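This is what each chain is made of:
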Amino acid sequence: QVQLVESGGGLVQPGGSLRLSCAASGSIFRIYGMNWYRQAPGTQRDMVASISSGGSLNYADSVKGRFTISRDNAKNTVYLQMNSLKPEDTAVYYCNADIQSKPIASMMRYWGQGTQVTVSS
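We now turn to the structure provided with this report. Given the structure is predicted, the values throughout are model-derived calculations rather than measurements.

## Examining the sheet that holds strand 3 (residues 18–26)
Next, step 1: Strands sit in the order 1-3-8-7 across an open sheet of 4 strands; the sheet is antiparallel. Where the open sheet ends on each side, the last strands, each with one partner, are strand 1 (2–7) and strand 7 (67–72). If you compare each strand with its neighbour and ignore which way they point, the axes differ by 15° on average.
Next, step 2: Bridge count between strand 1 and strand 3: 6 bridges; the pairing is antiparallel. Bridging across to strand 3, S7 finds its partner in S21.

Right, dumping it as structure tokens:
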């Protein structure tokens, strides 16, 4: 069994910063890509940032230059540093990770439960 647990969401004023964390636990042999998505009410869930096992980064155009994704492989944790936040960044943020639970197991994608980020004055 694998679990992803996010933390760090909350209410912040425009221009402020938040740091989200997502820790994977359970039966883990190897973690491949780790990603952050977000979903605002009435919209689809969109990719925000991704980081491969080798450290390759990818960002949505809307967050480039403001958000930074990183990972700590020793802690099985991915982070999302969000700076210069805007009201349009308001959404539920979800992490996911592609995880191989055992040496002979297939890779599967696991999702966290989501954490609310609200940017408002």
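There is more to say after this.
## A short note on the pattern of salt bridges
Pairing between side chains of opposite charge can happen when their charged atoms approach one another.
Next, step 1: By the definition in use, this model includes 4 salt bridges.
Next, step 2: A salt bridge links R38 to D89, with the nearest nitrogen and oxygen atoms 2.9 Å apart. Here D89 lies in the loop between strand 8 (77–82) and strand 9 (91–100) and R38 lies in strand 4 (residues 30–39), a separation of 51 residues in the sequence. Accessibility classification places R38 together with D89 in one group, the buried group.
Next, step 3: The closest approach of N and O atoms between R66 and D89, which form a salt bridge, is 2.7 Å. Taken together, the residues R66 in the loop between strand 6 (57–59) and strand 7 and D89 in the loop between strand 8 and strand 9 connect sequence positions 23 residues apart. Exposure class is identical for R66 and D89. Each is buried.
Next, step 4: Each of R38, R66 and D89 takes part in salt bridges that share partners, so that together they form one network.

Here is what the cut-offs are and how they apply
Residues numbered from 1 in each chain as written. Predicted model: local features only at pLDDT ≥ 70, side-chain atom pairs only at ≥ 80, totals over all residues. Heavy atoms only, no water. Pairing = 2+ DSSP bridges. Helix = DSSP H or I, 4+ residues; strand = E, 2+ residues; numbered from the N terminus. Axes fitted to C-alpha atoms, helices over the stretch in contact; angles between N-to-C directions. Salt bridge = Lys/Arg side-chain N within 4 Å of Asp/Glu carboxyl O. Buried < 20%, exposed > 50% of the residue type's maximum accessible area, 1.4 Å probe, protein only.

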